[in-house]
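# Reading the structure
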Amino acid sequence: MSNIGTYDERRKNFDWSISEEELEYKPENVINIGWYCSDRICQMGKADKLALIWEGFGGREKKYSYNDIRLASNTIGDFLQKCGIKSEDRVCIFLDRIPELYLGFLGILKIGAIAQPLFSAFGDESLLVRLENAETSAIITQRKHVGKVRKIIDKLPHLKHVIIVDHDGKKPLKEREMVFSLEEAEPVENLKIYPTKAESASVLHYTSGTTGLPKGVKHVHYSLIGQYLTAKWVLDISDDDIYWCTADPGWVTGTSYGIIGPWSLGVTQCVLDAGFSADAWYRFIEKHKVTVWYSAPTAIRSLMKAGDEVVKKYDLSSLRHLVSVGEPLNAEAVVWSEKVFGRPFHDSYWQTETGAIMISNYPGMKIKPGSMGKPFPGIEATILDPETYNPISQPGRIGLIAFKPGWPSMMRTYWKNEETYKSKFVNGWYLSGDRANIDKDGYFWFIGRDDDVINTGGHLVSPFEVESALLEHEAVAESAVVSKPDEVNMEVVKAFVVLHPGHEPDDDMELNIMNFIRKRLSPLAMPQEIEYVESLPKTRSGKIMRRLLHAKEWGEEIGDTSTLEDE
Ligand code: WT7
């Protein structure tokens, strides 16, 4: 029997107090995610149980019990406190998927500070805007990434400490830099856990929108109530499972379900920090006997591409439940996984802003391949008419996905951007910014985003951010960035570029521009294609019409062009 039992029954009788009671939380009590994910599990008699099995490049392996992660997070928390970090200070984690990332995350939360995880492949410009906006006090990083911090540190007066976790003691440190080694530090047995309350800030995740700077999504400690129960009911993880979430904690899946969900449930989880290949992934599942696997459509499509034969080389019979998130999971991928793994991938839908899974296919529920499934019990979801913002009752009609506010893990604001936060609510609904329809059985079918944000391999990229970075390139006069179709990543970034006179629109220039963006922003934001144009389509008021370029890439109807300048 699955943890959720029967979906319809759960929906009928649902109250979030189910989660509060299991976590022995009472309103007004202290609630600290760092404590819940380590100390509490130890107190429940699981101190010696494995919390983390970590594998790096070359098969390097480290294992941590719940007592180990309790001590390690205490030690990091204590170190930060001694640096002068106080509650609500932002501490950025800028690390590959090494154990310090996971342990540091808990340590930051234990002292009441706010964890700001950032994807370690981010370039200096991506890093700068996010640290600037959050007025981050400290950054925890590795030797190999410290160069990016050095490049921008003069622009960051708030950043007091650059903490390097793998310094070899050789190269001299620069101003504000310091060394912390988990292996060498004296373990801190007792750390005073900061008495955070339900509404105390916990995590700040940056997400990209169509316009403006990336937005800092503020979450609070009470989000645990949602993450715990969704991990239990949707991912179906229990005491005996070996769980693998393939997401990087630079993104919300990697924190909500790569740290908080599994560890608050006291489950053993694995982390692989060694890149992607079908062989490496299957070997990892076989070796650690992974039972529950949370991954993403781009990875699944890459595995599909690698073929069925490679699957047969490994014993993957431990797999029991498979879940996917981040982008549309095509029906073929569901059917394929059923064929080769004997289990279908269950799609789940949510956002950085929602903090936890909102719509999903539940264990035991009939899957309609290609559908996202149904709202989590306790979540009221609907489709709104894009004109009137009233719920649409006819099955199959496309509208905007919206949720009734008030679930525990919902964002509390955008950091220093209350105005944009408020603009997300209309007629008492939270607008997701996505479009879908609901069929007659209540299943949600994803249609697309309602904005220009590019979802490449499950990662959101702002066309505005790429365009702004392109303009910093000496050869670029103007640019417009849209998505183009891609077999594996679904969408990739494409840039239309007008060059300044005197610059050659050739292959060298294309590579040069691509690399420029990769280094400044990230490999995800790097255009996979650059098309040189003489001019860009604009409205009479001078706004670039991305919609037109987008339609061309996707072979779609161009629609209303009555405001086009050249007409
Ligand atoms: C956007 C949120 C929270 C998970 C990681 C992404 C798209 C997410 C699905 C799905 C189709 C999906 C939406 C959403 N998305 N899940 N199952 N099917 N699209 O978090 O970076 O905040 O992105 O990802 O467009 O709004 P995120």
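Residues numbered from 1 in each chain as written. Predicted model: local features only at pLDDT ≥ 70, side-chain atom pairs only at ≥ 80, totals over all residues. Heavy atoms only, no water.

### Here we look at the site of the ligand
Near the ligand there are 18 residues, and of these Asp 347, Ser 348, Gln 351, Thr 352 and Asp 434 occur at the shortest range. Pro 328 places a polar main-chain atom, nitrogen or oxygen, 3.5 Å from a nitrogen atom of the ligand. Here Arg 449 contributes a side-chain N or O atom positioned 3.2 Å from an oxygen atom of the ligand. Isolated, the ligand exposes 560 Å² of accessible area, and the fraction of that covered by the protein chains is 96%. (Near = heavy atom within 4 Å. Polar contact = N/O pair within 3.5 Å; in protein donor to acceptor, adjacent residues only side chain to side chain. Areas by Shrake-Rupley, 256 points an atom, 1.4 Å probe, with all protein chains shown as cover.)

### Side note on the sheet that holds strand E2 (residues 61–65)
The strand order E2-E1-E11-E10-E12-E13-E14-E15-E16 describes an open sheet built from nine strands, whose pairing is mixed. The sheet terminates laterally at E2 and strand E16 (374–375), the two strands that pair on one side only. As judged from the three bridges shared by strand E10 (residues 242–245) and strand E11 (residues 268–272), these two strands associate in the parallel manner. From the neighbouring strand, Trp 244 faces E11, where its bridge partner is Cys 270. Against the sheet, helix H10 (residues 252–264) makes contact with strand E1 (50–55), E10, E11, strand E12 (292–295) and strand E13 (321–325), and its axis sits at roughly 165° relative to E10, the strand it touches most. (Pairing = 2+ DSSP bridges. Helix = DSSP H or I, 4+ residues; strand = E, 2+ residues; numbered from the N terminus. Contact = heavy atoms within 4.5 Å. Axes fitted to C-alpha atoms, helices over the stretch in contact; angles between N-to-C directions.)

### As for the sheet that holds strand E25 (residues 476–486)
Across the sheet, which stays open at both edges, the three strands sit in the order E25-E26-E27 with mixed pairing between neighbours. The open sheet terminates on both sides in strands that have one partner only, identified here as E25 and strand E27 (529–532). Direction aside, neighbouring strands of the sheet carry axes that sit 25° apart on average. Across four bridges, strand E26 (residues 490–499) lies against E27 in parallel orientation. For Phe 496, the partnering residue across the bridge sits in E27 and is Glu 531. On top of the sheet, helix H17 (residues 507–520) reaches E25, E26 and E27; it is set at about 125° to E27, its chief contact. Across the sheet, helix H18 (residues 546–554) touches E25, E26 and E27, and the angle it forms with E25 is around 40°.

### Concerning a negative patch on the surface
Taken together, the side chains of Glu 504, Asp 506, Asp 507 and Asp 508 make up a negatively charged region of the molecular surface. When you line up the elements, Asp 506 lands in the loop between E26 and H17. (Patch = residues over 30% accessible without salt bridge, like charges linked within 9 Å, V, L, I, M, F, W, Y side chains within 5 Å. Salt bridge = Lys/Arg side-chain N within 4 Å of Asp/Glu carboxyl O. Lys, Arg positive; Asp, Glu negative; His and termini not counted. Charge placed at Lys NZ, Arg CZ, Asp CG, Glu CD.)

### A short note on the pattern of salt bridges
Between side chains of opposite charge, a pair can form when the charged atoms approach closely. Applying the stated criterion across every chain yields a total of 41 salt bridges. One salt bridge connects Asp 308 with Lys 339, and the closest N-O pair in it is separated by 2.9 Å. Taken together, the positions of Asp 308 in the loop between helix H12 (297–306) and helix H13 (309–312) and Lys 339 in helix H14 (residues 331–341) put the pair 31 residues apart, joining distant regions of the chain. Owing to a relative accessible area of 58%, Lys 339 belongs among the exposed residues under this scheme. With a closest N to O distance of 3.7 Å, Lys 440 and Asp 441 form a salt bridge. Judged by relative accessible area, which is 71%, Lys 440 ranks as exposed. Taking relative accessible area as the criterion, Asp 441 reaches 36% and is therefore assigned partly exposed. Counted as one network, the salt bridges with shared partners bring together Glu 55, Glu 61, Lys 63, Arg 283 and Lys 287. (Buried < 20%, exposed > 50% of the residue type's maximum accessible area, 1.4 Å probe, protein only.)

### Details of the pairing of strand E22 (residues 444–449)
Taken together, the five bridges between strand E21 (residues 429–438) and E22 define a ladder with antiparallel strand orientation. The residue bridging Asp 434 from the neighbouring strand is Arg 449, located in E22. Between E21 and E22, which follow one another and run antiparallel, lie five residues, and Gly 442 among them has a positive phi close to 85°.

### Let's talk about the domain arrangement of the protein chain
According to the domain assignment, the protein chain consists of domain 1 (7–438) and domain 2 (453–554). Each partner contributes to the interface: domain 1 provides 25 residues, whereas domain 2 provides 22 residues. Of the roughly 1,800 Å² buried between domain 1 and domain 2 on both sides combined, carbon and sulfur atoms contribute 55%. Among the residues domain 1 hides against domain 2, the three largest losses belong to Ser 208, Thr 210 and Trp 251. Together they make up 24% of the total. Across the contact surface, domain 1 and domain 2 share one salt bridge. (Domains from an automatic or database assignment. Buried area = accessible area lost by both parts, 1.4 Å probe.)

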